[in-house]
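Listed here are the chains, written in short residue letters.
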Amino acid sequence: MGGSQDLTASFFWLVAFFAGPLVLMPAALMSRYHLIVLTQGSDALRLLSRPDKTRFIVFGMMAAAAIAALVWSSLMIERRDGLILGTLPVRGRTVVLGKLVALTIYIFSIAAAMHAVSAALYGLILSEQAATWRLALLGPFAHFLAAVMACAFVFLCVTSAHGLALVLTGPAAFRRISTVLQMLLVAAVIVSFAHVGRVIDGVAAFNEPGHIAAPAPWLLLTPPVWFLGLEEWILGGVDPVFTRLAATALIAFAAVAAITVLTYAAAYRRIMVRVVETPEDGGRAGFISTATDWIARRISRTPARRASAQFFFISVGRVERLRFVLAAALGVIAAWLVPALVALTSHGQEPTTATTFGLSYASLALVIAGVRIAISMPADLRAAWIVPIIDAPGRVLRSGLWRALYVACVAPIVVGFVCLHAWLWDWRMAAQHAIVMTAVGALLVELSLWHFDDLPHRRPWRPEHASLRVWWPAYLAGFVVLTHALPQLEWAARDTRAGTGTIAIAILAAAACLRFFHDRPYPTPSFDVETFVETAHVLRLE
């Protein structure tokens with residue numbers, strides 16, 4: 001498989017990744033719940049099951065956010081809709097209504113598919129141990145409704161933010177900030193995953209049998225707890241705090257749904273006007289396009305190197321799946337970097353190698369790994385025939401891509417951490433660390449392009465070629481050495497320029513060895529364009 005088929009498989013694997021634990025959790029909780037009823041009674045079970053209900057809701061919401069990030073551009077009206085639907089004899093009201101109906105079906109179908117089996121199993125387990133017929137009958141329905149509404153709430157939050165940004169900034173500006181919003185969504189998913197335990201422990205703290213305690217104020221601001229309150233309110237016989245939480249859930253759900261509907265109508269009008277009045281690029285090149293074009297022109301004087309770099313920049317900027325991979329990598333970095341920097345600056349902690357040097361190397365490794373995944377994914381396999389036609393040397397194409405990666409990925413991170421370390425210590429320490437970072441960046445780029453001598457985004461996506469099942473211990477060990485051992489070694493040699501220079505020279509020597517062994521002959525991966533692309537029909541005129 002290649003192209004869109006790979007992404008379709010990845011989409012269903014993502015749904016299965018989150019839905020699988022939801023199906024298995026009820027079976028794991030069955031014996032525990034039965035023991036609670038025998039020892040403490042049915043009323044205690046209702047209290048002690050609330051943290052588990054919160055866990056179901058939280059995982060469903062994170063799955064919805066991950067799927068929303070994956071299908072980012074499909075959740076809102078875009079320029080393509082204007083080009084296709086705008087020419088049809090259909091009223092704008094009908095188009096907007098159709099898009100909203102399709103969006104509603106999509107959102108609730110995914111939410112129901114993820115929670116149907118788990119809600120039925122979990123509801124039946126709780127119903128078997130319920131104290132009243134009301135709880136037994138409403139248990140599965142209440143849990144299913146709260147979980148589905150929580151997932152739909154996440155989707156609607158994304159669509160409402162999407163629509164507001166599109167209406168306020170316009171189609172042209174929104175294209176520039178769309179990747180940033182997508183990156184923030186991925187970062188939010190990762191940060192939320194890291195704080196799941198804290199939310200569940202907070203729910204358990206005020207639902208202990210025989211111990212009445214008010215929930216923590218911050219807990220009342222978390223959306224999963226809102227929908228837990230909705231589920232308990234449907235079941236009835238709860239404290240007033242759950243009634244307020246249910247009201248908050250319903251008001252928030254109605255608000256984001258109303259914003260989505262209103263912004264859909266307003267965005268459709270703006271996009272239709274934009275399609276008629278201006279070309280796709282808005283009549284002028286944006287800052288990022290101008291910057292990447294400037295970089296590609298100054299990377300090399302060789303046309304093949306320039307073409308390789310320019311094709312990489314254009315593909316990442318235009319192809320949705322490549323932008324998603326890049327946004328995911330940046331989101332992981334943001335989720336890793338921002339909390340550490342906030343803790344460092346707000347609590348007055350002393351800077352250490354783990355929070356400064358280690359963070360800089362982790363940022364380099366994560367962004368290069370994300371970009372390398374994007375490089376391995378195709379932009380359009382139907383255009384893969386062009387490389388054999390131009391007959392450009394593979395090593396020259398790799399050289400252009402190498403320079404593009406170094407300038408676009410390594411240089412900005414080095415500059416950013418130079419400013420950070422100059423603020424924490426002084427410019428001398430920042431300059432010494434920058435020397436080592438540039439060497440580490442060269443080594444990581446060499447590793448990422450090992451046995452890659454081709455135009456980027458040209459071949460089908462083959463994740464099995466990374467051999468994660470075999471090499472994951474080496475990848476993990478390398479990451480640990482990069483983020484822990486190397487910072488400690490660099491910190492120990494910080495007082496001598498000779499020590500820092502020795503470390504940088506050793507790393508550059510390792511990169512040079514990789515380049516030397518890479519240049520040696522190796523078997524080229526087989527790739528037949530006709531295997532993945534329909535054979536072109538040739539018109540014979542003789």
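Residues numbered from 1 in each chain as written. Predicted model: local features only at pLDDT ≥ 70, side-chain atom pairs only at ≥ 80, totals over all residues. Heavy atoms only, no water.

A. Inspection of the overall build of the protein chain at higher detail. The number of helices and strands found in the protein chain is 19 helices and zero strands. Across the 542 residues that make up the protein chain, the buried fraction comes to 46%. Pairs at least 24 residues apart make up 83% of the contacts formed inside the protein chain by residues separated by at least 6 positions. With an accessible surface of roughly 27900 Å², the protein chain has 68% of that area assigned to carbon and sulfur atoms. (Helix = DSSP H or I, 4+ residues; strand = E, 2+ residues; numbered from the N terminus. Buried < 20%, exposed > 50% of the residue type's maximum accessible area, 1.4 Å probe, protein only. Contact = heavy atoms within 4.5 Å. Areas by Shrake-Rupley, 256 points an atom, 1.4 Å probe, with all protein chains shown as cover.)

B. Just the nonpolar core, in detail. Core analysis: the largest hydrophobic core is formed by 72 residues, its most contacted members being Phe-153, Phe-155 and Phe-227. Secondary structure elements with two or more residues in this core: helix H3 (50-70), helix H5 (92-128), helix H6 (133-194), helix H7 (196-205), helix H8 (223-235), helix H9 (240-277) and helix H12 (320-346). Broken down by element, this core gets its largest block of residues, 18 residues, from H6. Beyond its immediate stretch of four places on either side in the chain, Phe-155 contacts Ala-64, Ile-67, Ala-68, Leu-75, Tyr-106, Ile-107 and Ile-110. Counting 48 residues, the second largest nonpolar core, distinct from the first, contains Ile-299, Ile-413, Val-436 and Phe-452. (Core = buried A, V, L, I, M, F, W, Y, C linked by side-chain atoms within 4.5 Å.)

C. Representation of unusual backbone geometry in the model. Despite not being glycine, His-451 shows a phi value in the positive range, around 55 degrees. Topologically, His-451 is positioned in the loop between helix H16 (427-448) and helix H17 (468-492). With phi around 60 degrees, His-457 is a residue other than glycine that occupies positive phi space. In this structure His-457 comes out as buried when scored by relative accessible area, which is 1%.

D. View of the packing of H16 against H17. Contact geometry for H16 and H17: axes closest at 12 Å, N-to-C directions at 145 degrees. In this structure, H16 crosses over H17, and the sense of that crossing is right-handed. Two secondary-structure elements touch here, H16 through Gln-432, His-433, Val-436, Val-440 and Leu-444 and H17 through Leu-482, Leu-486 and Glu-490. Among the residues forming the contact of H16 with H17, the class breakdown is five nonpolar, two polar and one charged. (Axes fitted to C-alpha atoms, helices over the stretch in contact; angles between N-to-C directions. Left-handed = near helix turned anticlockwise from the far one by under 90°. Nonpolar A, V, L, I, M, F, W, Y, C, P; charged D, E, K, R; others polar.)

E. Representation of the packing of helix H15 (residues 394-424) against helix H18 (residues 497-519). It is the contact of H15 with H18, at a shortest axis distance of 13 Å, that shows an interaxial angle of 155 degrees. Between H15 and H18, the crossing angle belongs to the class labelled roughly antiparallel. At the point where H15 passes H18, the crossing takes the right-handed sense. Note on element contacts: H18 touches H15 through Arg-515, His-518 and Asp-519, opposite Arg-395, Arg-398 and Trp-402. (Parallel < 35°, antiparallel > 145°, perpendicular 65-115°, else oblique.)

F. Region of interest: the packing of aromatic side chains. This model, assessed by the stated rule, comprises nine aromatic pairs. Look at Phe-56 and Tyr-122: their rings are 4.6 Å apart centre to centre, the planes differ by 40 degrees, and that puts the pair in the tilted class. One end of the pair, Phe-56, is in helix H3; the other, Tyr-122, is in helix H5, and 66 residues separate them in sequence. Take Phe-56 and Tyr-122: they sit in the same class, and that class is buried. Pairing Phe-153 with Trp-226 gives two aromatic rings, centres 6.2 Å apart and planes at 70 degrees, and the pair type is edge-to-face. One end of the pair, Phe-153, is in helix H6; the other, Trp-226, is in helix H8, and 73 residues separate them in sequence. Under the relative-accessibility criterion, Phe-153 is labelled buried at 7%. Chaining the aromatic ring pairs together yields one cluster made of Phe-153, Trp-226 and Phe-227. The ring of Trp-218 has Arg-198 lying over it, and the distance from NZ or CZ to the ring centre is 4.6 Å. (Phe/Tyr/Trp six-rings, centres within 6.5 Å; stacked < 30°, edge-to-face > 60°. Lys NZ or Arg CZ within 6 Å of the ring centre and 35° of its normal.)

G. Spotlight on H18. If you check H18, its first and last C-alpha atoms are 33 Å apart, about what 23 residues at 1.5 Å a residue would give, namely 33 Å. The set of residues buried in H18 consists of Gly-499, Thr-500, Ile-503, Ala-504, Ile-507, Ala-511, Leu-514 and His-518. (Expected span 1.5 Å × (residues − 1).)

H. Focus on the confidence of the model for the protein chain. Looking at the protein chain as a whole, the pLDDT averages 79, with 82% of positions reaching at least 70. Contacts from residues 1-7, a stretch scored under 50 in pLDDT, to residues over four places away or in other chains number 12 contacts. Confidence drops under pLDDT 50 across residues 528-542; counting only partners more than four residues distant or on other chains, this segment forms 10 contacts. (pLDDT = per-residue confidence, 0-100.)

I. Spatial organisation of the environment of Ile-288. In this fold, Ile-288 is placed in helix H10 (residues 287-299). When its relative accessible area of 56% is taken as the criterion, Ile-288 is described as exposed. Separated by 25 residues in sequence, Ile-288 and Phe-313 have C-alpha atoms that sit 9.7 Å apart.

J. Inspection of the side chain of Asp-453 at higher detail. For Asp-453, the position within the fold is in the loop between H16 and H17. Here Arg-395 takes part through its side chain, which lies 2.8 Å from a polar atom of the side chain of Asp-453. (Polar contact = N/O pair within 3.5 Å; in protein donor to acceptor, adjacent residues only side chain to side chain.)

K. Spotlight on the pattern of salt bridges. With the rule as written, the count across this model stands at 11 salt bridges. In this structure, the salt-bridge partner of Glu-231 is Lys-53, at a minimum N-O distance of 3.8 Å. With Glu-231 in helix H8 and Lys-53 in helix H3, this pair connects stretches of sequence that are 178 residues apart. Across this residue pair, the class does not change: Glu-231 and Lys-53 are buried. (Salt bridge = Lys/Arg side-chain N within 4 Å of Asp/Glu carboxyl O.)

L. Representation of a nonpolar patch on the surface within the structure. Together, Leu-468, Val-470, Trp-471, Trp-472, Tyr-475, Leu-476 and Val-480 line one region of the surface with nonpolar side chains, adding up to about 770 Å² of accessible area. Summarising the element assignment, Trp-472 is placed in helix H17. (Patch = residues over 30% accessible without salt bridge, like charges linked within 9 Å, V, L, I, M, F, W, Y side chains within 5 Å.)

M. Here's a closer look at H15. Under the 1.5 Å per step criterion, the end-to-end length of H15 is 44 Å for 31 residues, consistent within 8% with the ideal 45 Å. The axis of H15 is deflected most strongly, by about 30 degrees, at Val-410, and proline Pro-412 appears within four residues downstream. (Bend = angle between axes of the 7 residues up to and from the residue.)

N. Looking closely at the environment of Ala-392. The residue Ala-392 is located in the loop between helix H14 (386-390) and H15 in this model. Along the chain, Ala-392 and Ser-308 lie 84 residues apart, while their C-alpha atoms are 10.0 Å from each other.

O. How the structure looks around the environment of Leu-97. Within the secondary structure layout, Leu-97 lies in helix H5. Considered as a pair, Leu-97 and Val-261 are 164 residues apart in the sequence and their alpha carbons are 9.0 Å apart.

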